[in-house]
Amino acid sequence: MKLLVVGGGGREHAIIKKLKENPTVDYIYALPGNGGIAADAECVPIKATDIDAITAFAVENGIDYAVVAPDDPLVLGCVDALEARGIPCFGPRANAAIIEGSKVFSKNLMKRYGIPTAQYEVFDDPAQALAYLETAPLPTVIKADGLALGKGVVIAQTREEAIDAVNSIMLDKKFGKSGDQIVIEEFLTGPEVSVLAFTDGKTIKPMVSSMDHKRAKDGDQGLNTGGMGTVAPNPYYTDAVAKTCMETIFLPTINAMNAEGRTFKGCLYFGLMLTPDGPKVIEYNCRFGDPETQVVLPLLESDLLTIMQATTNGTLAETEVRFKDADACCVILASDGYPASYQKGFPITIPADVADQVYIAGAKKDGDALLTDGGRVLGATAVADTLAHAVQEAYAIAKRIHFENAYYRRDIGARALKAKEG
Ligand code: AMP
Ligand code: GLY
């Protein structure tokens, strides 16, 4: 089979490495991929948002199955466009990807179908939003409606910060049209859990849970990033919590999307907070998380391509989705200064014996050399019999990888280990 994977980060590298385990896979194209993914797939310089070019490429190259991994092409209708040309795909159509593409949509969906989430108000008029903030309890959470590269959420501790957030999103249009509407919501507390789930629109099969580390600095300090590291499983996500989530969140969400005529197929990501009042949805993503995928897929024992095709064909109920009884840890090596400004273009050295455990996110090739080319450069991932060992091994790999301005958090997994100790 000839596959096409849309996207070019660490998540896509993890997906491609896993897909290659299937013996029927002959060839994989990555659009655009990156310098590291080039070791595992043919990278073609077509942007993940250039839907027309992706579709034309897929038709010309006789692609048998396409995996659309990032949020923006999904929201833009990449799956719809490929399907219209007869190419089966993994991922939701645009009318279902809206569950991530519009926070106003997802909040209203949860309210309408009784799915637990933070209390909220929606505003399309900045004056009304500012008036509401005069009496809103603090801290308060302000979210741009649309996609904002993961930066559209502000947790305001003071009224001034809240006012600044509304002004920059709605008046200065920091995120363009994504800020035409905003959600202002209640601040929730509790451990966060990421649960990715395969679904064909009828059946939903959650993957092993995980924990992201979103802040740039140790101790959850510093700016919000795309994610500085992950562990799986997440120790806060007990069997009892999983059962509650299935009954009150996962199945109701799939049913709600069906009732709205927006059947969701692909990977649905539940960003959950385990509050004192039970699990609540912080956000939905219409795709695999990054870097959650880098710990979840190495633990997947069943065949990824078979599962993906089952989500497309509606046969997920009969398809095995089994995970190893083990722990995984991924430490992200970033360019120092990320997520603000940073330098790039430095040579990366990765010892050959650990190359299999490294997922490249931001790198380009220069002849035989691999040069840094992004904020998050790569992820060092280890699978082991205990969380403590997985963390140790991931750091042991990280220490053996070099580039000039490498930066990584030293405490990935620390919170999870503490939770395990009780
Ligand atoms: P997001 O960009 O939607 O992933 O949100 C970024 C982070 O903001 C989340 O991972 C949470 O840590 C935090 N967050 C979002 N909404 C809330 C909320 N209602 N209460 C507390 N924290 C929140
Ligand atoms: N790691 C969070 C995300 O993929 O959105």
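These notes cover the structure that comes with them. A quick note: this is a predicted structure, and the numbers were derived from the prediction, not measured. (Residues numbered from 1 in each chain as written. Chains lettered and ligands numbered in written order. Predicted model: local features only at pLDDT ≥ 70, side-chain atom pairs only at ≥ 80, totals over all residues. Heavy atoms only, no water.)

1. Description of the site of ligand 1
Of all residues adjacent to ligand 1, which total 16 residues, the nearest are Glu185, Glu186, Leu188, Glu192 and Glu283. For ligand 1, an oxygen atom lies 2.4 Å from a polar atom in the side chain of Glu192. Alone, ligand 1 offers 490 Å² of accessible surface; in the complex the protein occludes 91% of this. Contributing elements (two or more residues each) for the shell around ligand 1: β7 (140-144), β8 (153-156), β9 (182-186) and β17 (278-285). (Near = heavy atom within 4 Å. Polar contact = N/O pair within 3.5 Å; in protein donor to acceptor, adjacent residues only side chain to side chain. Areas by Shrake-Rupley, 256 points an atom, 1.4 Å probe, with all protein chains shown as cover. Helix = DSSP H or I, 4+ residues; strand = E, 2+ residues; numbered from the N terminus.)

2. Quick word on the pattern of salt bridges
Overall, the coordinates contain 22 salt bridges when judged by the stated rule. Here Glu100 ties to Arg287 by a salt bridge, and the two come within 3.1 Å at their closest N and O atoms. Here Arg287 lies in the loop between β17 and α10 (293-296) and Glu100 lies in helix α5 (residues 94-101), a separation of 187 residues in the sequence. On the basis of relative accessible area, Glu100 is assigned to the buried category, the value being 8%. Among the ionic contacts, a cluster of salt bridges with common partners joins Asp71, Glu100 and Arg287. (Salt bridge = Lys/Arg side-chain N within 4 Å of Asp/Glu carboxyl O. Buried < 20%, exposed > 50% of the residue type's maximum accessible area, 1.4 Å probe, protein only.)

3. Some thoughts on the side chain of Arg11
Its location among the elements puts Arg11 in helix α1 (residues 10-19). Once residues within four sequence positions are removed from consideration, Arg11 is found in contact with Ala69, Pro70, Arg287, Phe288, Gly289, Asp290, Thr293 and Gln294. (Contact = heavy atoms within 4.5 Å.)

4. Observations concerning a nonpolar patch on the surface
A contiguous nonpolar patch, built from Val153, Ile155 and Phe187 and spanning about 220 Å² of accessible area, is present on the exposed surface. The residue Phe187 is located in the loop between β9 and β10 (192-199) in this model. (Patch = residues over 30% accessible without salt bridge, like charges linked within 9 Å, V, L, I, M, F, W, Y side chains within 5 Å.)

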